[in-house]
Amino acid sequence: MAEQSKSSSTELCFYTESTCVLPGDRVVNATSDLPETMRPLRVGPGITALPDWSQPQQLVATRAGRLRYAPRLHVEVDQRRYIPYVNDVVVGLVLDRVGSEHYRVDIGASTPALLPVLAFEGATKRNRPHFTTGHVVYARVTQVPTPQRYVETELSCQAPGSRKNWTSGETIFGRLVGGSLFRVSLASARQLIRHECSILEQLGRVLVFEIAIGMNGTIWIKGNSYRTTVLVQYTIEHGVRLTTEESRRLIRRILGVIEQDMPDSMDMTR
């Protein structure tokens, strides 16, 4: 990463990762200061362009937080209200059906999103999945409102480049059956998605489970047993902000619980 160079509190060519930024800080000179590892530039929440997105010259922070580069350049804030961005992956809860063409899905934003009934790999009017209230779906954001055009947030269960049919059960997106849902902060969810987050890797070595992490802070877990599901959820909720060594100690305590066959009373926080 490039070294931090700063001429004043509001004029900045490039920030190193994890630097705290304030609204108005210029974090990247979009024309010359990007390292090769950030090309092509992908921008997420908390960043805007000057003078505008059609001809970006400077990228400026719009909120206070830590600058992060994965999965794209964004300002990380410990909040729970989700603001949708195109290509975000989300875990949502189906609320109801809207006419014959859409489902309304709660993704934790200020308004529900719409999921077209044909937005699945290989779906047709005769051969398509059917959802009811309470079903859980894993999808990606394809459309969001903009200052120039107000539209409803729209989702899709189609993965670019994928040729798997939704009936095969091998698609990336779609309905999540069974399991358990819980919410974490948006910063915690993004940290779990980041490559250097070791807690999921450590859990995968000792427990068998499936997981879907939404950038909206909703997480779906399905273990090979109810006990596994509870233990994975507990570990994520309490260990996502721990260091690698601290998370290892937490998982060792989890293994102790498993070996003792989950006694009726145990304080795992000690």
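Now for a look at the structure at hand. Bear in mind that the values here come from a model prediction, so they are computed numbers and not experimental data. (Residues numbered from 1 in each chain as written. Predicted model: local features only at pLDDT ≥ 70, side-chain atom pairs only at ≥ 80, totals over all residues. Heavy atoms only, no water.)

1. Points about the environment of R66
Part 1 of the argument: You can see R66 is positioned in strand β7 (residues 65–68).
Part 2 of the argument: When the C-alpha positions of R66 and T19 are compared, they lie 5.5 Å apart, and in sequence the two are 47 residues distant. (Helix = DSSP H or I, 4+ residues; strand = E, 2+ residues; numbered from the N terminus.)

2. Points about the side chain of T228
Part 1 of the argument: In this structure, T228 sits in helix α3 (residues 226–239).
Part 2 of the argument: Side chain to side chain, T228 and S225 meet in a polar contact 3.0 Å long.
Part 3 of the argument: Beyond its immediate stretch of four places on either side in the chain, T228 contacts L207, V208, F209 and G223. (Polar contact = N/O pair within 3.5 Å; in protein donor to acceptor, adjacent residues only side chain to side chain. Contact = heavy atoms within 4.5 Å.)

3. Here we look at helix α1 (residues 186–193)
Spacing of three or four residues puts side chains on the same side of an α-helix, whose turn is 3.6 residues.
Part 1 of the argument: Counted residue by residue, α1 has 6 buried out of 8 residues, so it is predominantly covered.
Part 2 of the argument: Along α1, the positions that sit buried rather than exposed are L186, A187, S188, A189, R190 and L192.
Part 3 of the argument: For α1, the elements touching its buried residues are β8 (74–76), α2 (199–206), β16 (209–213), β17 (218–223) and α3. (Buried < 20%, exposed > 50% of the residue type's maximum accessible area, 1.4 Å probe, protein only.)

4. Side note on the sheet that holds β17
Part 1 of the argument: Read across the open sheet, the 3 strands follow the order β15-β17-β16; overall the sheet is antiparallel. Looking along the sheet, the strands with just one partner apiece sit at the ends: β15 (180–183) and β16. The sheet shows a mean angle of 20° between the axes of neighbouring strands, direction not considered.
Part 2 of the argument: Sheet analysis places β16 next to β17, joined by 5 bridges and oriented antiparallel. Across the sheet, residue E210 finds its bridge partner in β17, namely K222. (Pairing = 2+ DSSP bridges. Axes fitted to C-alpha atoms, helices over the stretch in contact; angles between N-to-C directions.)

5. Side note on the sheet that holds β7
Part 1 of the argument: On the basis of which strands lie adjacent, the open sheet formed by 3 strands has the order β3-β7-β8 and antiparallel pairing. Because the sheet does not close on itself, it has two edges, and the strands there are β3 (20–21) and β8.
Part 2 of the argument: The pairing of β7 with β8 spans 3 bridges and is classified as antiparallel. Opposite R66, over in β8, you have E76 as the bridge partner.

6. What about the packing of aromatic side chains?
Part 1 of the argument: Per the counting criterion, the structure on display carries 3 aromatic pairs.
Part 2 of the argument: Ring geometry for F120 against F131: centres 5.7 Å apart, planes inclined by 50°, an arrangement best described as tilted. Here F120 is found in the loop between β11 (113–116) and β12 (136–143), whereas its partner F131 is found in the loop between β11 and β12, with 11 residues between them in sequence. For the residue pair F120 and F131, the accessibility class agrees, reading buried in each case. (Phe/Tyr/Trp six-rings, centres within 6.5 Å; stacked < 30°, edge-to-face > 60°.)

7. Remarks on unusual backbone geometry
Part 1 of the argument: The backbone of N87 sits at a positive phi, close to 80°, despite the residue not being glycine.
Part 2 of the argument: Secondary-structure assignment places N87 in the loop between β8 and β9 (89–98).

8. Topic: the nonpolar core
Part 1 of the argument: Within the largest apolar cluster, 31 residues are counted, with the highest numbers of intra-cluster contacts made by I107, L115 and L155.
Part 2 of the argument: Secondary structure elements with two or more residues in this core: β9, β10 (102–106), β11 and β12.
Part 3 of the argument: At 5 residues, the largest contribution of residues to this core is made by β12.
Part 4 of the argument: Both domains that furnish three or more residues to this core are identified here as domain 2 (88–176) and domain 3 (180–260).
Part 5 of the argument: The residues contacting L155, other than those within four sequence positions of it, are V90, V105, I107, A113, L114, L115, P116, A119, A139, R140, V141 and T142.
Part 6 of the argument: Among the nonpolar cores identified, the runner-up in size contains 16 residues, and A189, L192, I236 and V240 belong to it. (Core = buried A, V, L, I, M, F, W, Y, C linked by side-chain atoms within 4.5 Å. Domains from an automatic or database assignment.)

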